[in-house]
Amino acid sequence: AFSTSCVACSKNRRLRQKRAISEKKLTRYFVDHRRVRVVGGQGGGGGHSFHSEPRKVFGGPDGGNGGDGGHVILKADRQMKSLSSVLPFYQGFHGGRGGHKNCFGANGACVYVKVPVGTLVKEDGVVVADLTQHGEEYVAAYGGAGGKGNRFFLSNENRAPTLFTPGEPGQERVLHLELKTTAHAGLVGFPNAGKSSLLRAISNAKPAVAAYPFTTLNPHVGVVRYEDYEQVAVADIPGLIRGAHQNRGLGMAFLRHIERCRFLLYVVDLSVSQPWIQLQDLKYELEQYKEGLSERPCVVVGNKIDLAQSRINLPLLKEQTGDRVIALSALTGDNLDELVLHLRELYDTYVRTEQSRGRSPVKW
């Protein structure tokens, strides 16, 4: 009876471990900064031996070289969405020691660290790598070279060398990883403008939605799928406030995620007084953070058109801005088709521009 209960408990434990974590819980583990210490594997020492065989007294030196230490390699993987799984320390495997009979030591295995696409690698504040493509690799720490066996030092002047060298230590570095979400479009707006509701309505993402500011504390990426199997990634950037470029509110912690977006969707609450002021403030914050960021291809999304005050403000907003305005309701689904179609137009323009420049557009 005791063994049967233990087996049942272990099965239940495995089922709980395999159960998928909800989207709401996953946001708690979103990490976009990580400090990592990386050390390459040490090279194996050179061998020291002399060939020994019956009736062959002067066999000579036969100590092989040591194997090289393994590298630590960062590899961009589109399946990774956060730096939460990245550990604070990695070390490559050591190389094997050289053996007798001229046997070389085995090279140490490389350690691969999977990071999300869009990871920036910095050392002492200087950018050393920008992993923007799936499968792209960066050698964070090189392994040490293997030592030389005494066979390596054989010469006409020295027929019986006893000299051999140890393996070299691996490279050691302290790196700072910074994640910038890679998406085609970015939803930019003030808290409670309806960005999360809009992302839920047009994609498969399920960000938290509630009637209080800063519901979204981490970027969410939703994918809009089309009939020809093209996919457009839309990022819900946490709400900005006035002075965000000076690190107020959520501050610059999430302004950097907008840098990767190829085009922007300004989400404006049409029900508030003078909604065009929101648009001016949003563009000002982006421009103060990075010059030219507010000039990227964009569309203004006037949300909450189902409210009476919104219908009054809509023509006034169109008069105040030179950008295209799409009025919709993320709650009721009114006019969502127009946004989805225009989103595809922006995406197709981006693809053509990248191809004309000889670059590969980002695909999801």
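Since the model is a prediction, treat every value here as computed from it, not as a measurement.

Glancing now at the overall build of the protein. Of the regular secondary structure elements, the protein holds 7 helices and 14 strands. Expressed as a percentage of its 364 residues, the buried residues of the protein come to 46%. The contacts of the protein with a sequence gap of at least 6 include a subset with a gap of at least 24, amounting to 71%. Surface summary for the protein: the accessible area is close to 19300 Å², and the carbon and sulfur share equals 52%.

On to the pairing of strand β9 (residues 185–188), then. Side chains of β9 alternate between two faces, with A185 and L187 and G186 and V188 buried alike. In terms of strand pairing, β9 meets strand β11 (residues 231–236) through 3 bridges, oriented parallel. Within β11, the residue paired with G186 across the bridge is A235. Sheet topology note: the β9/strand β12 (residues 263–269) ladder contains 4 bridges and is parallel. Among the inter-strand pairings, V188 is bridged to a residue of β12, identified as Y266.

A separate point is the packing of aromatic side chains. Enumeration according to the criterion identifies 2 aromatic pairs in this entry. Between F152 and F153, the aromatic rings sit 5.2 Å apart at their centres with planes inclined by 85°, giving edge-to-face as the arrangement. Looking at F152, the relative accessible area reads 49%, which means it is partly exposed. Measuring from centroid to centroid gives 6.3 Å for Y347 and Y350, while their planes differ by 50°, and the two rings are tilted. Pair noted here: Y347 and Y350 are both in helix α7 (residues 336–356), with a separation of 3 residues, about one helical turn. Y350 shares its class with Y347; the two are buried.

With that settled, consider the sheet that holds strand β6 (residues 126–131). With mixed pairing, the 5 strands of this open sheet are ordered in space as β3-β1-β8-β5-β6. Where the open sheet ends on each side, the last strands, each with one partner, are β3 (89–91) and β6. Strand-to-strand, the axes of this sheet are offset by a mean angle of 30°, without reference to chain direction.

Once that is clear, we can look at the pairing of strand β8 (residues 172–179). In this sheet, β8 lies alongside strand β1 (residues 33–39) in antiparallel orientation, the contact comprising 7 bridges. Bridge pairing links R37 to V174 in β8. As judged from the 4 bridges shared by strand β5 (residues 119–123) and β8, these two strands associate in the antiparallel manner. Looking at β8, one finds that T119 is bridged to L179.

It is worth spelling out the pattern of salt bridges at this point. The full count for this structure, using the stated rule, is 12 salt bridges. The closest approach of N and O atoms between E172 and R37, which form a salt bridge, is 2.8 Å. Of this pair, E172 sits in strand β8 while R37 sits in strand β1; the two residues are 135 residues apart in sequence, bridging distant segments of the chain. Look at R37 and you get partly exposed, because its relative accessible area is 34%. Measuring nitrogen to oxygen at the nearest pair gives 3.1 Å for the salt bridge that ties R324 to E338. Pair noted here: R324 is in the loop between α6 (308–320) and β14 (325–327) and E338 is in helix α7, with a separation of 14 residues, a long-range link.

Summarising the element assignment, G92 is placed in the loop between β3 and β4 (111–116). Setting aside its immediate chain neighbours within four residues, G92 contacts V39, G40, G41, G70, H71, V72, A109 and V111.

Looking at the protein, the pLDDT average stands at 81 and 83% of residues meet or exceed 70. Below pLDDT 50 for its whole length, residues 1–5 participates in 0 contacts with residues either more than four positions away or in separate chains. Segment residues 243–251 is flagged for pLDDT under 50; beyond a separation of four residues in sequence, or across chains, it makes 21 contacts in the model.

Let us now look at the sheet that holds β12. On the basis of which strands lie adjacent, the open sheet formed by 6 strands has the order β10-β11-β9-β12-β13-β14 and mixed pairing. Two strands bound the open sheet, and with one partner strand each, they are β10 (220–225) and β14. Strand-to-strand twist in this sheet, taken as the mean axis angle between neighbours without regard to direction, amounts to 25°. Two elements, β12 and strand β13 (residues 298–303), share 6 bridges in a ladder whose sense is parallel. Pairing of Y266 across the sheet is with V300, part of β13. Sitting on the sheet, α7 is in contact with β9, β10, β11, β12, β13 and β14, with an inclination near 155° to β12.

Calculation criteria
- Residues numbered from 1 in each chain as written.
- Predicted model: local features only at pLDDT ≥ 70, side-chain atom pairs only at ≥ 80, totals over all residues.
- Heavy atoms only, no water.
- Helix = DSSP H or I, 4+ residues; strand = E, 2+ residues; numbered from the N terminus.
- Buried < 20%, exposed > 50% of the residue type's maximum accessible area, 1.4 Å probe, protein only.
- Contact = heavy atoms within 4.5 Å.
- Areas by Shrake-Rupley, 256 points an atom, 1.4 Å probe, with all protein chains shown as cover.
- Pairing = 2+ DSSP bridges.
- Phe/Tyr/Trp six-rings, centres within 6.5 Å; stacked < 30°, edge-to-face > 60°.
- Axes fitted to C-alpha atoms, helices over the stretch in contact; angles between N-to-C directions.
- Salt bridge = Lys/Arg side-chain N within 4 Å of Asp/Glu carboxyl O.
- pLDDT = per-residue confidence, 0-100.

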